[in-house]
Amino acid sequence: PAGLGLLMLLALLPVMAAGFLGARDNTTRLLRASSDAVVDGLEEQLRATLDPVSLQMATVARYIGSGRIDPQSREEFRRFMIGVVTGQSHIVGIAFLEAEGPFRRWSRDRAEETIEPRKTAPGAEEIWTSAVTGEGPVWHRPFVSEITQTPLILHRQPVLREGRLLGVLMTALTSDSISDF
């Protein structure tokens, strides 16, 4: 009887080990596929939120770069930029840094223009330097704004006229404005 039990154990042990290893491998593959699907879904949602902002900023940059909208025409430019910031529900603020001028910004909650000297505007010189080095449109890593003390994601779009850097558009989105969509 003890020998028979030992033989049964020896016969079942490989079957049980193969079943356990197979189940573990199958579970790992299913979990990996499930997590990949979740990440892909999040990426698609994020692109669906951020791509329209990128496209709009490229269009705004073309309008300014072509001269259709003139930053020197202060009232016209102010109305245009307020229209841009209110035209996309994700955008909470927009700014324009001119090659030879101040840092100008507009926010969704105020229909007024804030003008700061370039030297005192937070991050203005760093943004200008990276635009001059030829970096195209780029999304920045999230950071906490020194002005609003809220987490922001910044999109930077160079504005070119005949190959010359005219200015830099910056668009701010909050993590809340992104997670709402």
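A brief look at the structure comes next.

How each quantity is defined
- Residues numbered from 1 in each chain as written.
- Predicted model: local features only at pLDDT ≥ 70, side-chain atom pairs only at ≥ 80, totals over all residues.
- Heavy atoms only, no water.
- Core = buried A, V, L, I, M, F, W, Y, C linked by side-chain atoms within 4.5 Å.
- Buried < 20%, exposed > 50% of the residue type's maximum accessible area, 1.4 Å probe, protein only.
- Helix = DSSP H or I, 4+ residues; strand = E, 2+ residues; numbered from the N terminus.
- Phe/Tyr/Trp six-rings, centres within 6.5 Å; stacked < 30°, edge-to-face > 60°.
- Contact = heavy atoms within 4.5 Å.
- Expected span 1.5 Å × (residues − 1).
- Bend = angle between axes of the 7 residues up to and from the residue.
- Pairing = 2+ DSSP bridges.
- Salt bridge = Lys/Arg side-chain N within 4 Å of Asp/Glu carboxyl O.

Here we look at the nonpolar core
As a rule of thumb, soluble globular proteins bury nonpolar side chains together.
Then comes step 1: The biggest cluster of nonpolar side chains holds 21 residues, and the ones touching the most others in it are Ile64, Met81, Ile94, Phe96 and Leu169.
Then comes step 2: Those elements giving two or more residues to this core turn out to be helix H1 (2–66), helix H2 (74–87), strand S1 (91–98) and strand S7 (164–174).
Then comes step 3: Among the nonpolar cores identified, the runner-up in size contains 12 residues, and Leu97, Ala124, Ile127 and Ala131 belong to it.

Things to note about the packing of aromatic side chains
Then comes step 1: As enumerated under the stated definition, the model contains three aromatic pairs in all.
Then comes step 2: Judged by centre distance (6.3 Å) and plane angle (20 degrees), the rings of Tyr63 and Phe80 are stacked. Within this pair, whereas Tyr63 is found in helix H1, its partner Phe80 is found in helix H2, the two being separated by 17 residues in sequence.
Then comes step 3: Look at Phe77 and Phe96: their rings are 5.4 Å apart centre to centre, the planes differ by 65 degrees, and that puts the pair in the edge-to-face class.

Quick word on the side chain of Thr174
Then comes step 1: Note that Thr174 resides in strand S7.
Then comes step 2: In this structure, Thr174 is in contact with Val92, Pro151 and Leu152, ignoring residues within four places of it in sequence.

Remarks on unusual backbone geometry
Glycine aside, a negative phi is what most residues show, and trans is what most peptide bonds show.
Then comes step 1: Look at Glu162: it is not a glycine, yet its phi comes out positive at around 55 degrees.
Then comes step 2: With respect to the helices and strands, the residue Glu162 is situated in the loop between strand S6 (151–161) and S7.

Re H1
Then comes step 1: Relative to the 96 Å expected for 65 residues at 1.5 Å per residue, H1 spans 93 Å between its end C-alpha atoms, a close match to the ideal helical length.
Then comes step 2: Along its length, H1 shows its largest kink, about 30 degrees, at Leu12, and proline Pro14 lies within four residues downstream of that point.
Then comes step 3: Within H1, burial applies to Thr49, Leu50, Val53, Ser54, Gln56, Met57, Val60, Ala61, Ile64 and Gly65.
Then comes step 4: One or two positions beyond H1, positive phi appears at Gly67, with a value near 95 degrees.

Brief notes about the pairing of S1
Then comes step 1: Buried residues dominate S1, accounting for seven of its eight residues.
Then comes step 2: Note that S1 and strand S2 (residues 103–107) share five bridges and pair antiparallel. Along S2, the bridge assignment pairs Leu97 with Phe103.
Then comes step 3: In sequence, S1 turns back onto S2 through a hairpin of four residues.

A look at the pattern of salt bridges
Then comes step 1: With the rule as written, the count across this model stands at eight salt bridges.
Then comes step 2: Between Arg74 and Glu113 there is a salt bridge, with its nearest N and O atoms 2.8 Å apart. In this pair, Arg74 is assigned in helix H2 and Glu113 in strand S3 (residues 110–116), connecting sequence segments 39 residues apart.
Then comes step 3: On the basis of relative accessibility, which here comes to 48%, the residue Arg74 falls in the partly exposed class.
Then comes step 4: Across the pair Glu98 and Arg104 runs a salt bridge whose closest N-O atoms are separated by 2.9 Å.
Then comes step 5: Put simply, Arg74, Glu98, Arg104 and Glu113 are held in one network by salt bridges that share partners.

Keep in mind these values describe shape, not function.
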